[in-house]
Number of protein chains: 6
Amino acid sequence: MSTFGLIEYNDASPEVRAIYDDIMTTRKTDWINNFWKAIAHDPATLKRTWESIKEIMAPGALDPLTKELIYVAVSVTNNCNYCIASHTASAVKKGMTTAMFKELQAVIGMANETNKLVTGYQVAIDEQFNLPFGTPK
Amino acid sequence: MSTFGLIEYNDASPEVRAIYDDIMTTRKTDWINNFWKAIAHDPATLKRTWESIKEIMAPGALDPLTKELIYVAVSVTNNCNYCIASHTASAVKKGMTTAMFKELQAVIGMANETNKLVTGYQVAIDEQFNLPFGTPK
Amino acid sequence: MSTFGLIEYNDASPEVRAIYDDIMTTRKTDWINNFWKAIAHDPATLKRTWESIKEIMAPGALDPLTKELIYVAVSVTNNCNYCIASHTASAVKKGMTTAMFKELQAVIGMANETNKLVTGYQVAIDEQFNLPFGTPK
Amino acid sequence: MSTFGLIEYNDASPEVRAIYDDIMTTRKTDWINNFWKAIAHDPATLKRTWESIKEIMAPGALDPLTKELIYVAVSVTNNCNYCIASHTASAVKKGMTTAMFKELQAVIGMANETNKLVTGYQVAIDEQFNLPFGTPK
Amino acid sequence: MSTFGLIEYNDASPEVRAIYDDIMTTRKTDWINNFWKAIAHDPATLKRTWESIKEIMAPGALDPLTKELIYVAVSVTNNCNYCIASHTASAVKKGMTTAMFKELQAVIGMANETNKLVTGYQVAIDEQFNLPFGTPK
Amino acid sequence: MSTFGLIEYNDASPEVRAIYDDIMTTRKTDWINNFWKAIAHDPATLKRTWESIKEIMAPGALDPLTKELIYVAVSVTNNCNYCIASHTASAVKKGMTTAMFKELQAVIGMANETNKLVTGYQVAIDEQFNLPFGTPK
């Protein structure tokens, strides 16, 4: 179904295999999901995307689970079913409980509603929100 | 600029004032932001929205800061400037550091990119992701 | 601010003027709003868009006010401020009361929320909804 | 396919059953569609969403059919297939004819087109549209 | 699956057949894709949409392949799977190579990412970009 | 207005300056637009974004102007005013004429309309479009 089919590990070039290996090592898993096998037709995009994801999703000021929750929130808002499936799975793996899942969905739903109420009523931004953004800590 | 103007506390009906009071008490603040003053023209919507927000954004399986980060992620994806301003301010108040802000934006940007790569390549969902959703914990 | 500036009636070609005249006659008004003056730089797009709008927004199985409410619903969901301003004004002209405006916004907000709850929970379509679409009446 | 499966009436808690009963009574129907069975895993969201929908979709300044048309317009713009299926069915039940359906789709399509022409040409809002919003009636 | 089913050539009215004929002649093909068969239930929309598409997608300042790439970019951003499938096929027919496809997707993904970084950081427009738009040529 | 203000060249760290220099050299320009100055608060994002853009927007199977047109199409569909302003300016610099601009907008508008007609009528994908994607050339 993917536009060009999927590139399996055994059929991959050494360049692509090296990335597949890094994905599996980084994620402590023994399989590659379809997203990577689909974009592997474009090794430059595969490499750039993986390296960006690896850097962005690593533990930092935000923990990996929080980052997955944010990823799911964007994916639901964009209506990307594949992304919802894969990042929900990742979030579960990183510790998302069903209670967290439900609260996540409730916040996503509410935010989408108030985003539109704000837009429909054409609410002007409060001066208080225009002040400089807190103080870096 | 708001469609009907804003309803200030002193001009509000007792019904609306009661909600304004609850907002200020719940948020430990002494002012009401424009969103509430704009939708106060429709007291039923004001009441329903505030009660929903109050319930959804309360501490639960997810802490209040995480919920604000999710709110910002939806608002950026939906391109709602008012919502970005107000929920970024709320997130700062609840402890978002600038380091967290930067990581939040990086994840939002990346998620929006891969959502579209998935869509453009029409990637089929992996069987592994179709399995029942983890085990409630 | 419009990309190429606005083409005023007095500066318009006979071809563009004829469309401006038809817009004013059809709408029983004596001015042209900026949208038409902006796209008048491309007379083919001006003509095609006006003729389509004129045909689509005419009274039919749905009355003109209902059509404007639908137009506002799309414009709010798409976050198009110009479109919200112009079609809210048109709706008022066609009889939208403030009570209708408030209910319109409440429905738009709610629909945006449940659209995302459906997506987040990945709800499968009920067999009942897959049945053939009613009977033409 | 729904993330946690569906909660059928016979397996539901008394709290959830009470809401299912209210849905069926209010809608004069003898079955519950999947959306409610999916979010029933989170009784708080089920209750809040049902009560909001019940209040918002009730007859008011806008009749129930007009509200369903608006719901469909949002759902099409958001590309939510489940929502399109369920609210198209509701609209038919409330009297939408095929002629109305066709005009609805034509308006949705046109609004999405002009929303983007406005954005692409960066059209500034006419002063006339900035005037206060009509007079409450 | 289409709401009203599809209108095949043999079952079409003379009015609809004339449009089907024009589509096949213009596109040098001997079949009609489902989009047209679905909207043929509304001959006015069928006629208006086909005439607009025919005019807009014709060779002009932009060549037909470039127009198809733009169409795919919009369709991916809107997450419209049918549109992606049909316009990717059209683009291939007009000369899109796999190398072009990959670059197209990379640009779409990147644009979606930076669109959101711009929004998340609330970047103000540079004065240089507010200058009048080049010189018409 | 940008969340943290803008980092000017003279105030930038050597790491950031090196990227600013590369941007100006690559683009043959002597100034840096606000996007880069805004995200420079997060040097990792600045670096990753610039390197990705540089790679993706370079001449390849698609020429740089075509890539800018695609970028504008995504930005208009996403309603990102900054992105529209900056990429319209880039497109002009790379040779976009006003005739091209008008055709670009017409295609974007049309694509957004038919995307929604397809969705509203729930059109099923033609078997012909499910065939493997052409032959790599």
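What counts and what doesn't
- Residues numbered from 1 in each chain as written.
- Chains lettered and ligands numbered in written order.
- Predicted model: local features only at pLDDT ≥ 70, side-chain atom pairs only at ≥ 80, totals over all residues.
- Helix = DSSP H or I, 4+ residues; strand = E, 2+ residues; numbered from the N terminus.
- Rg over C-alpha atoms; globule rule 2.2 N^0.38 Å.
- Least-squares fit on C-alpha atoms with pLDDT ≥ 70 in both.
- Contact = placed C-beta atoms within 7 Å.
- Nonpolar A, V, L, I, M, F, W, Y, C, P; charged D, E, K, R; others polar.
- Buried ≥ 20, exposed ≤ 12 C-beta atoms within 10 Å, placed from the backbone.
- Expected span 1.5 Å × (residues − 1).
- Axes fitted to C-alpha atoms, helices over the stretch in contact; angles between N-to-C directions.
- Parallel < 35°, antiparallel > 145°, perpendicular 65-115°, else oblique.
- Domains from an automatic or database assignment.
- Left-handed = near helix turned anticlockwise from the far one by under 90°.
- pLDDT = per-residue confidence, 0-100.

Caption draft 1: Highlighting the overall build of chain A. The secondary structure content of chain A amounts to 7 helices and 0 strands. Moving toward the C terminus, one meets the helices and strands of chain A in the order α-α-α-α-α-α-α. Compactness check: chain A gives a C-alpha radius of gyration of 19 Å against a globular reference of 14 Å for 137 residues, more than 25% above the reference. Considered along the principal axes of its C-alpha atoms, chain A spans approximately 60 × 35 × 30 Å.

Caption draft 2: Here's a closer look at the relation of the copies chain A and chain C. Of the transformation superimposing chain A on chain C, the axial component is 0.0 Å and the angular component is 180 degrees, with the fit at an RMSD of 0.0 Å. With respect to symmetry, the two chain copies, as superposed, fit the operation of a two-fold axis. The C-alpha atom lying nearest the rotation axis in chain A is that of A:E113; the distance is 2.4 Å. The fraction of interface residues of chain A whose copies in chain C are also interface residues reaches 100%, indicating that both copies meet through the same surface.

Caption draft 3: Structural context of the interface of chain B and chain A. Listed as interface residues are 62 residues of chain B and, on the opposing side, 62 residues of chain A. Elements supplying a minimum of two residues to the side of chain B that touches chain A: α2 (34–39), α3 (43–56), α4 (64–77), α5 (81–93) and α6 (98–120) of chain B. The element best represented in the side of chain B that touches chain A is α6(B), accounting for 16 residues. Of the residues assigned to the side of chain B that touches chain A, the class counts are 36 nonpolar, 22 polar and 4 charged.

Caption draft 4: Inspection of the environment of E:L46 at higher detail. All names here are of chain E. Within the fold, L46 resides in helix α3 (residues 43–56). A residue is classified by how many C-beta atoms lie within 10 Å of it, and L46, with 24 of them, is buried. With 41 residues separating them along the chain, L46 and H87 place their C-alpha atoms 18 Å apart. In this structure, L46 is in contact with V16, I19, W36, I39 and A40, ignoring residues within four places of it in sequence.

Caption draft 5: Examining the relation of the copies chain B and chain A more closely. With an RMSD of 0.0 Å, chain B superimposes on chain A once it is rotated by 180 degrees and translated 0.0 Å along the axis. Here 100% of the contact residues of chain B are again contact residues in chain A; the copies associate through an equivalent surface.

Caption draft 6: Spatial organisation of α3(E). With 14 residues, α3(E) extends 20 Å from end C-alpha to end C-alpha; this agrees with the ideal 20 Å at 1.5 Å per step. Of all the positions in α3(E), only E:T45, E:L46, E:R48, E:T49, E:S52, E:I53 and E:I56 are classed as buried. On its buried side, α3(E) packs onto α3 (43–56) of chain C, α6 (98–120) of chain D, α1 (14–27) and α2 (34–39) of chain E together with α6 (98–120) of chain F.

Caption draft 7: Broad picture of the packing of α3(C) against α3(E). One can describe the packing of α3(C) onto α3(E) by two numbers: an axis separation of 12 Å at closest approach and a directional angle of 170 degrees. Classed by the angle they form, the pair α3(C) and α3(E) counts as roughly antiparallel. For the pair α3(C) and α3(E), contact is made by C:A44, C:R48, C:S52 and C:E55 and by E:A44, E:R48, E:S52 and E:E55, respectively. Class assignment for the residues of the contact of α3(C) with α3(E) results in 2 nonpolar, 2 polar and 4 charged.

Caption draft 8: Highlighting the domain arrangement of chain A. Domain assignment breaks chain A into domain 1 (1–56) and domain 2 (60–120). Between the C-alpha centres of domain 1 of chain A and domain 2 of chain A there is a distance of 24 Å.

Caption draft 9: Highlighting the packing of helix α6 (residues 98–120) of chain A against α4(B). Contact geometry for α6(A) and α4(B): axes closest at 9 Å, N-to-C directions at 45 degrees. Relative to α4(B), the element α6(A) is oriented oblique. Between α6(A) and α4(B) the crossing geometry is right-handed. Contacts between α6(A) and α4(B) involve A:L104, A:V107, A:I108, A:A111, A:N112 and A:N115 from the first element and B:K67, B:I70, B:Y71, B:V74 and B:S75 from the second. Residue classes in the contact of α6(A) with α4(B) are distributed as 7 nonpolar, 3 polar and 1 charged.

Caption draft 10: Molecular detail of the confidence of the model for chain A. Averaged over all residues, the pLDDT of chain A is 93; the fraction at 70 or higher stands at 94%. As a predicted assembly, this complex carries a pTM of 0.96 together with an ipTM value of 0.94.

Caption draft 11: Structural context of unusual backbone geometry. For A:N79, which is not a glycine, the phi torsion comes out positive at approximately 65 degrees. Tracing the chain through its elements places A:N79 in the loop between α4 (64–77) and α5 (81–93).

Caption draft 12: Representation of the environment of B:T26 in the model. All names here are of chain B. Turning to its location among the elements, T26 is positioned in helix α1 (residues 14–27). Taking the number of C-beta atoms within 10 Å as the measure of exposure, T26 has 13 and is therefore partly exposed. Counting along the chain gives 28 residues from T26 to K54, while the straight-line C-alpha distance between them is 8.1 Å.

Caption draft 13: The arrangement of the interface of chain A and chain C in detail. In this assembly, 17 residues from chain A lie in contact with 17 residues from chain C. If you list the elements that add at least two residues to the side of chain A that touches chain C, you get α4, α5 and α6 of chain A. When residues of the side of chain A that touches chain C are assigned to their parent elements, the largest contribution, 10 residues, is made by α6(A). Grouping the amino acids of the side of chain A that touches chain C by side-chain chemistry returns 6 nonpolar, 9 polar and 2 charged.

Caption draft 14: Focus on α6(D). Residue and element names in this part refer to chain D. For α6, which comprises 23 residues, the first-to-last C-alpha distance of 33 Å matches the rise-based estimate of 33 Å (1.5 Å per residue) to within 8%. Burial analysis of α6 places 20 of its 23 residues in the buried class, the great majority of the element. Q122, located one to two residues past α6, shows a positive phi value of around 50 degrees.

Caption draft 15: Looking closely at the environment of D:F35. Note that D:F35 resides in helix α2 (residues 34–39). Accessibility expressed as a C-beta count within 10 Å gives 24 for D:F35, which makes it buried. Sequence separation between D:F35 and D:G109 is 74 residues, and the spatial gap between their C-alpha atoms is 26 Å. Non-local contacts of D:F35, meaning those with residues more than four positions away in its chain, are made with C:V118, C:V123 and D:S86.

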